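For reference, the chains in residue letters:
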Amino acid sequence: MSNRYPFELKPLPYEYNALEPHIDEATMKLHHDKHLKAYVDKLNEIVGPYPEFHNWYLETFLCNIHSLPNTLQTPIRNNAGGVYNHNLFFSLLSSKDTNSIPIGNLAEKIEKDFGSYENFKEKFKEAALSRFGSGYAWLVIDRNKNLKIITTANQNTPLELNLYPVLVIDVWEHAYYLKYNNRRNEYIDNFFSVLNFKKAEELYNRFFA
Ligand code: MN
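Residues numbered from 1 in each chain as written. Predicted model: local features only at pLDDT ≥ 70, side-chain atom pairs only at ≥ 80, totals over all residues. Heavy atoms only, no water.

## Focus on the packing of helix 4 (residues 104–114) against helix 8 (residues 197–208)
Viewed as axis vectors pointing N to C, helix 4 and helix 8 meet at an angle of 85°, and their least axial separation amounts to 7 Å. Taken together, helix 4 and helix 8 sit at an angle that is classed as roughly perpendicular. Residues Gly104, Asn105, Leu106, Lys109 and Ile110 of helix 4 pack against Phe197, Ala200, Glu201, Tyr204 and Asn205 of helix 8. (Axes fitted to C-alpha atoms, helices over the stretch in contact; angles between N-to-C directions. Helix = DSSP H or I, 4+ residues; strand = E, 2+ residues; numbered from the N terminus. Parallel < 35°, antiparallel > 145°, perpendicular 65-115°, else oblique. Contact = heavy atoms within 4.5 Å.)

Next comes the structure, spelled out in structure tokens:
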């Protein structure tokens, strides 16, 4: 799967209906096949005319937005961000056979930094609800190697802030409106039931490897 130009639409790591009843099949189809695909296509259109960037990885763009030509910065932030954020978000959701509670080193660190998983969930939910308009809530590792909850607007990523992502929830309306209408609150509660902590633990350990 190419993580460089030409970028490709990465398939979901599970069936469209794998997250039912928490996240419905129609939403997943639309979210992956239409929304994510649009970001992939647009990113290729933007990067195409610049052969000097054809060997850049998605992450290279996002960590170095400020060294890009001015006219590319916003379109790359929006579209490389759109591809990166969705790929990460989808990969952190699970079908039934994976862990929906924290495990291993990440579980320990969550206890240490937030007191308990329950307390973490409360804080994460608060953040996800507080994101005005479109964006994401994240659990990230900061410069001091501690866990921190942040939110980002639009398709901005934590990479630009030198933060390393471990968990993410998409709170754009397209992520939940079909099933939950305006009830972001309920969507967030159910999101925790399909969180793939096996994958989150992998990301966490990769940072320290
Ligand atoms: Mn989305």
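Here the narrative resumes.
## Comments concerning the nonpolar core
Of all hydrophobic cores here, the largest spans 69 residues; its most connected members are Leu139, Ile169 and Tyr187. Non-local contacts of Tyr187, meaning those with residues more than four positions away in its chain, are made with Ile23, Phe89, Ile169, Asp170, Val171, Ala175, Tyr176 and Tyr180. (Core = buried A, V, L, I, M, F, W, Y, C linked by side-chain atoms within 4.5 Å. Buried < 20%, exposed > 50% of the residue type's maximum accessible area, 1.4 Å probe, protein only.)

## Some details on the pairing of strand 2 (residues 147–153)
In this sheet, strand 2 lies alongside strand 1 (residues 135–141) in antiparallel orientation, the contact comprising seven bridges. By the bridge assignment, Val140 is partnered in strand 2 with Lys148. Once strand 1 ends, the chain turns through five residues before running back antiparallel as strand 2, passing Lys145 with a positive phi of about 65°. (Pairing = 2+ DSSP bridges.)

## Considering the coordination of the manganese ion
Around the manganese ion, the protein contributes the donor atoms His31 (NE2), His86 (NE2), Asp170 (OD) and His174 (NE2), which lie 1.9 to 2.1 Å from the metal centre. Counting gaps between the donor residues of the manganese ion yields the pattern H-x54-H-x83-D-x3-H. Of this pair, His31 sits in helix 1 (residues 25–47) while His86 sits in helix 3 (residues 70–91); the two residues are 55 residues apart in sequence, bridging distant segments of the chain. In this structure, His31 and His86 share a single accessibility class: buried. (Donors = N, O, S within 2.8 Å, 3.2 Å for Na, K, Ca; no water.)

## Remarks on helix 7 (residues 184–191)
Residues Arg184, Tyr187, Ile188 and Phe191 constitute the buried set of helix 7. For helix 7, the angular spread of the buried residues around the axis is 100°, confining them to a single face. Check the buried side of helix 7 and you find it contacts helix 3, helix 5 (117–130), strand 3 (164–170) and helix 6 (177–180). (Arc of directions from axis to C-beta.)

## Some thoughts on helix 5
Its 14 residues place the ends of helix 5 20 Å apart at the C-alpha level, agreeing with the 20 Å of an ideal helix rising 1.5 Å per residue. The secondary structure elements touched by the buried residues of helix 5 are helix 4, strand 1, strand 2, strand 3, helix 7 and helix 8. (Expected span 1.5 Å × (residues − 1).)

## Comments concerning the sheet that holds strand 3
Ordered by their spatial adjacency, three strands build an open sheet running 2-1-3, and the pairing between neighbours is antiparallel. Of all the strands in the sheet, the pair left with one neighbour each is strand 2 and strand 3. Strand-to-strand, the axes of this sheet are offset by a mean angle of 25°, without reference to chain direction. Of the strands in this sheet, strand 1, strand 2 and strand 3 are in contact with helix 8, which crosses strand 3 at around 150°.

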